[in-house]
Amino acid sequence: GATTLDLRAGRSATIRIRSESVVFARIEAVFGQPFAADTDGPLVATIEGESGGVGDVAAFELSVTAQRAVDSPVVEIQLPAGVEADAQLLAALQANGAVIEATPRHPGFVRLRLIPLAEDATHTLPLAFRWRVGGDVRGLGIVTYPADRPDAMTVLSPRDLHLQ
């Protein structure tokens, strides 16, 4: 089973499991820290294209290139305000042959597990989502890393977008 714990500032939790067999646990944490560009990881991400306007479908392409072979690349995409990780967006992402799995992450992210990347190889993924809000929004921050080395990350800072 899975559960979510709300551990805002000043809260803590203790988890006790009683079992006569071995129990494996996986813990993930979401931190509300601002993105800071970082290029230390083996994967490089770039975004090209046009944002369009309210009601339009964005025409962005995300390219992920391996500086060395990576067996299980992971990409986390920070969605801009007004874009939801709904079934339509997830299906569009998973339609790309390079995507093994697209999973919504909260708050406001999508995690992609990609097929292996050979050294100097690139996966290009369309980011086609419909804008539901206008004005100034911020998003499309990207974090890439090998699944077995989440500490070897590359970070592409979010961008400011103006939607008419």
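Residues numbered from 1 in each chain as written. Predicted model: local features only at pLDDT ≥ 70, side-chain atom pairs only at ≥ 80, totals over all residues. Heavy atoms only, no water.

Q: Could you clarify how one ought to interpret the nonpolar core in this entry?
A: Soluble globular proteins tend to bury their nonpolar side chains together. With 32 residues, the main nonpolar core has Phe-60, Leu-62, Ile-77, Leu-112, Leu-127, Phe-129 and Trp-131 as its most contacted residues. Listing elements by their share of this core, those giving two or more residues are β2 (43-50), β3 (59-66), β4 (73-78), α1 (87-94), β5 (99-105), β6 (109-114), β7 (122-127) and β11 (159-163). The element best represented in this core is β3, accounting for four residues. Those residues in contact with Leu-62 that lie beyond four places of it in its chain are Ala-45, Thr-46, Ile-47, Val-75, Ile-77, His-123, Thr-124, Leu-125, Leu-127 and Ile-142. (Core = buried A, V, L, I, M, F, W, Y, C linked by side-chain atoms within 4.5 Å. Buried < 20%, exposed > 50% of the residue type's maximum accessible area, 1.4 Å probe, protein only. Helix = DSSP H or I, 4+ residues; strand = E, 2+ residues; numbered from the N terminus. Contact = heavy atoms within 4.5 Å.)

Q: I tried to follow empty space enclosed by the protein on my own but got confused; where do I start?
A: The gaps of empty space that remain are located by a probe, the size of a water molecule, rolled over the atoms. Overall, the coordinates contain one cavity of 30 Å³ or more when judged by the stated rule. When its volume is computed, the largest cavity comes out at roughly 40 Å³. Along the walls of the largest cavity sit Ile-77, Leu-79, Leu-89, Leu-93, Val-110, Leu-127 and Phe-129, which together make up its complete lining. (1 Å grid on protein atoms, 1.4 Å probe; cavity = no way out; pocket = protein on both sides within 12 Å on 5 of 7 lines; lining within 4 Å. Points joined across faces, edges and corners; volume = space filled by probe spheres on them.)

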